[in-house]
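Single-letter residue listing:
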Amino acid sequence: MKDCKQQWWKEAKFGMFIHWGLYALLAGEYNGKKTSNIAEWIMHDLSIPVEEYEKLAARFNPTAFSAQRIVKLAKDTGMKYIVITSKHHDGFAMYKSQCSRYNIVDATPFGRDPIKELAEECEKEGIKLCFYYSQAQDWHDPNGFEEGTDNEGKDFRKYLDEKCIPQLRELLTQYGDIGLIWFDTPMGITYEQSKELKELVHSIQPNCIVSGRIGNDLGDYMSTGDNFIPLLPYEGDWEVPATINNTWGYKKTDLRWKSADKLLRNLVKIVSRGGNYLLNIGPDGEGNVPEESVKVLGQIGEFMRLNGESIYGAHPVPFYPYDIDWGYFTCRKGKIYIHVFDDIEDVYILNIANTPKRAYILADHTPLQVVTRTTCEGDSSWRIAWPEKRMKQIDTVICVEMEEDEPIFEPIR
Ligand code: H79
């Protein structure tokens, strides 16, 4: 499918998820009690009553928030789209909503609309702005669903008509072109309701795509489970939503930060299997992005600046090379990119039958020799030796330009 509306998304490969809401103020702790789960679930997990949780709004004044800094961070990391929580399960709108005063402009001393600020900045910087919207769960609205509770007797239709649909309309009319709506946890939403939401989105912005979690298999692409990377390439379009530590919303005690090495492996692994990587940051209650996130994203950005060609618009190779454990492959017409993560002596690939024209290290264009040979067992092979001096990189990408359009892997005999 070449010309479809999500071509930009297929080529983008890498996006920034932002989980930000009132829960950031609590940072995983309420009245001396710590949540052991993901921070944005604290209202549910610690059973904070609606009237208590609501009071957080009066204290929410994240003056350190800077759309400019966040968009720059995404851009410098090589991310092409941003998905921000416009309303998470707690029901609080992080933008100026006319249909519920429970929103950041009307209910907080902050009084600014961060979504508007982001929209302006994204437009300026060429980043696609997208919205997360919790369509089924809303723990603030008496008729919204809540996981793990008895939702019997709720008038979900009323919630859809009075909050969900009007808010989606606002989001799709107040902030310019929106790349996609990231729906989540469909729960008991019916096929007709999912379809209705999808049609609503497309009726206002025909080019806006909807995530797999709209429910009932109606997404324009598939979202994998949180942090789940499929072992093999999947057919069709898919995306892995992922955390840098182990929470989405800001949590003071979660210090289990993944390394740049790990995150980059995940990105390359995902792209080598045909997916997108949507990597999350959770700004704190003042609007600051945790230092540790900024640091690892900076390292990924360095890689992307020199090696972006091997990621954006790149495809999996037609035959998934199961036997290679030191790295991954991506490709595009006439080029194969060999991503070498481990410290191996030289690069040896069996059962590859292409005719190399030239090869080089993508980051600095150091030329490399590819020795093609038929082994004594009769298999085709490539051997590429490293140059004497080599730039230190987490992932050294070798680009091999070939006679053929696609890499040809011969079946193992
Ligand atoms: O927005 C992020 C999460 O808040 C949301 N999806 C990502 C993108 C999400 N919703 N649900 N889940 C993730 C998984 C839910 C797990 C649960 Fe639980 C198990 C809900 C109740 C039991 C984890 C543990 C949350 C509360 C306790």
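Owing to the predicted nature of the structure, the values given are computational and were not obtained by experimental measurement.

Caption draft 1: How the structure looks around the pattern of salt bridges. Under the criterion given, the structure shown has 27 salt bridges. The salt bridge involving Lys96 is made with Asp106; its shortest N-O contact spans 3.0 Å. Of this pair, Lys96 sits in the loop between strand S4 (81-87) and helix H7 (104-107) while Asp106 is found in helix H7, placing the two residues ten residues apart along the sequence. For Lys96, a relative accessible area of 28% puts it in the partly exposed group. Taking the shortest distance from any N to any O, the salt bridge between Arg157 and Glu196 comes out at 2.9 Å.

Caption draft 2: The pairing of strand S17 (residues 380-385), seen in detail. The pairing of strand S13 (residues 346-350) with S17 spans five bridges and is antiparallel. Looking across to S17, one finds that Val347 is bridged to Ile384. Both strand S16 (residues 370-374) and S17 contribute to a ladder of five bridges, which runs antiparallel. Considered in S17, the bridge of Thr372 is made with Trp382. The hairpin turn running from S16 into S17, its antiparallel successor, is five residues long, and Gly378 in that turn takes a positive phi close to 95 degrees.

Caption draft 3: Representation of helix H10 (residues 191-204) in the model. For H10, spanning 14 residues, the distance from its first C-alpha to its last is 20 Å, which sits close to the expected 20 Å at 1.5 Å a residue. Within the sequence span of H10, burial applies to Gln193, Ser194, Leu197, Lys198, Leu200 and Val201. Looking straight down H10, one finds its buried side chains confined to an arc of 155 degrees; they lie on one side. In H10, the exposed positions angled more than 90 degrees off the buried face are occupied by Glu192 and Ser203. Summarising the contacts, the buried residues of H10 are in contact with helix H9 (156-173), strand S6 (180-183) and strand S7 (209-210).

Caption draft 4: Region of the structure containing the site of the ligand. In the vicinity of the ligand lie 15 residues, with His19, Glu40, Trp41, His88 and Asp184 positioned nearest. His19 places a polar side-chain atom, nitrogen or oxygen, 2.6 Å from an oxygen atom of the ligand.

Caption draft 5: Broad picture of the environment of Leu297. Examined against the element boundaries, Leu297 turns out to sit in helix H12 (residues 291-307). In this structure the C-alpha to C-alpha distance between Leu297 and Leu73, which are 224 residues apart in sequence, comes to 7.7 Å.

Caption draft 6: Looking closely at the side chain of Ser380. Secondary-structure assignment places Ser380 in strand S17. Overall, Ser380 belongs to the buried group, its relative accessible area being 14%. Polar contacts involving the side chain of Ser380 include one to the side chain of Glu410, which spans 3.1 Å. Ser380 has contacts with Ile349, Leu350, Asn351, Ile352, Ala353, Arg373, Thr374 and Glu410, leaving out every residue within four places of it along the chain.

Caption draft 7: Inspection of the packing of aromatic side chains at higher detail. A full pass over the atoms with the stated rule returns 20 aromatic pairs. Geometrically, the ring pair formed by Trp20 and Phe60 is tilted, given 5.7 Å between the ring centres and 55 degrees between the ring planes. Of this pair, Trp20 sits in the loop between strand S1 (14-18) and helix H2 (23-26) while Phe60 sits in the loop between helix H5 (56-59) and helix H6 (67-77); the two residues are 40 residues apart in sequence, bridging distant segments of the chain. Accessibility classification places Trp20 together with Phe60 in one group, the buried group. Ring geometry for Tyr132 versus Trp182: centroids 5.9 Å apart, planes at 15 degrees, classification stacked.

Caption draft 8: Up close: the sheet that holds S6. One open sheet accounts for eight strands, arranged S7-S6-S5-S4-S1-S10-S9-S8; its pairing is parallel. Only two strands of the sheet have a single partner each, and these edge strands are S7 and strand S8 (222-223). With four bridges connecting them, S1 and S4 associate as parallel partners. Each residue of the ladder has a partner; that of Ile18, found in S4, is Ile84. On the sheet, H12 packs against S1 and strand S10 (276-281) and is oriented at approximately 150 degrees with respect to S10.

Caption draft 9: The nonpolar core, seen in detail. Among the nonpolar cores identified, the biggest contains 96 residues, and Met16, Tyr53, Ile181 and Leu279 are the most heavily contacted of them. With eight residues, H9 is the single largest residue contributor to this core. Look past the residues within four positions of Met16 in its chain and what remains in contact with it is Ile70, Leu73, Ala74, Met79, Tyr81, Ile82, Val83, Leu278, Leu279, Ile281 and Leu297.

Thresholds applied
Residues numbered from 1 in each chain as written. Predicted model: local features only at pLDDT ≥ 70, side-chain atom pairs only at ≥ 80, totals over all residues. Heavy atoms only, no water. Salt bridge = Lys/Arg side-chain N within 4 Å of Asp/Glu carboxyl O. Helix = DSSP H or I, 4+ residues; strand = E, 2+ residues; numbered from the N terminus. Buried < 20%, exposed > 50% of the residue type's maximum accessible area, 1.4 Å probe, protein only. Pairing = 2+ DSSP bridges. Expected span 1.5 Å × (residues − 1). Arc of directions from axis to C-beta. Contact = heavy atoms within 4.5 Å. Near = heavy atom within 4 Å. Polar contact = N/O pair within 3.5 Å; in protein donor to acceptor, adjacent residues only side chain to side chain. Phe/Tyr/Trp six-rings, centres within 6.5 Å; stacked < 30°, edge-to-face > 60°. Axes fitted to C-alpha atoms, helices over the stretch in contact; angles between N-to-C directions. Core = buried A, V, L, I, M, F, W, Y, C linked by side-chain atoms within 4.5 Å.

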